[in-house]
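The residues making up each chain are set out below.
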Amino acid sequence: VGFSYEEIEFKSRDGLALAGWFVAPKNGATIILSHSFGANRQVVLPLAQLLEQHGYGLLLYDMRAHGRSQGSLGTWGWLEVNDIFGAVDYLLTRSEVNPRQVGAMGFSLGGQVVLRAAIEDDRIGAAAADGPSVAAVSDHVASQGLSLRKLIFAPWLWLIYNSQVL
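Parameters and conventions
Residues numbered from 1 in each chain as written. Predicted model: local features only at pLDDT ≥ 70, side-chain atom pairs only at ≥ 80, totals over all residues. Heavy atoms only, no water. Helix = DSSP H or I, 4+ residues; strand = E, 2+ residues; numbered from the N terminus. Contact = heavy atoms within 4.5 Å. Areas by Shrake-Rupley, 256 points an atom, 1.4 Å probe, with all protein chains shown as cover. Salt bridge = Lys/Arg side-chain N within 4 Å of Asp/Glu carboxyl O. Buried < 20%, exposed > 50% of the residue type's maximum accessible area, 1.4 Å probe, protein only. Polar contact = N/O pair within 3.5 Å; in protein donor to acceptor, adjacent residues only side chain to side chain.

A. Seen up close, the overall build of the chain. A count of helices and strands for the chain gives 5 helices and 6 strands. When the helices and strands of the chain are read in sequence order from the N terminus, they spell out β-β-β-α-β-α-β-α-β-α-α. Considering only contacts in the chain between residues 6 or more positions apart, those separated by 24 or more positions represent 64%. Accessible surface, the chain as shown: approximately 8500 Å² in total, 57% of it carbon and sulfur.

Structure (structure tokens):
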């Protein structure tokens, strides 16, 4: 992958075993990288390589129901936020990690999850999202105006979002 890493496993906040890679920081800061839906930690490798070259510590992981992590159901971010909380919990057990210099970045679904986690967990000192996915039915229906297609799918989306909130 272009850099040395430690193969790790940690628990999501709701108990799933998540697979990942850890790289100790050289500049004091550690960043959690969260991938998009249907992918795994390998899709964030180009960014990880750049960050590692600049001394950042890294935690790349496979979200629940992706890659080598446990889980059989993706929830469009509703439960995946527990994966980020678990990643932070894990990082703070590492002596190499400065607890005041933990950040997170995500792409698409990973971006949405990172933003939601950063709002709820002040241990995440910096957050960035590239193309975060939608998080509520209103994001689908109201974004960029109404269309016949959106109106037709609105009941389906409402059902999906409301059935996934646990």
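B. Representation of the pattern of salt bridges in the model. Per the counting criterion, the structure on display carries 10 salt bridges. For Asp14, the salt bridge identified is with Arg64, shortest N-O distance 2.7 Å. Taken as a pair, Asp14 in the loop between strand 1 (6–11) and strand 2 (17–23) and Arg64 in the loop between strand 4 (57–61) and helix 2 (81–91) lie far apart in primary sequence, 50 residues in all. Arg64 sits in the buried class, given a relative accessible area of 4%. Here Asp121 and Arg123 are joined by a salt bridge, their closest N and O atoms 2.8 Å apart. Among the residues examined, Asp121 registers a relative accessible area of 7% and is labelled buried.

C. Spatial organisation of the side chain of Ser69. Within the element layout of this structure, Ser69 appears in the loop between strand 4 and helix 2. Polar contacts involving the side chain of Ser69 include one to the main-chain amide nitrogen of Ala19, which spans 2.9 Å. Within the structure, the side chain of Ser69 is placed 2.5 Å from the backbone oxygen of Asp62, a separation counted as a polar contact. What Ser69 contacts, discounting residues up to four positions off in sequence, is Ala17, Leu18, Ala19, Asp62, Met63 and Arg64.

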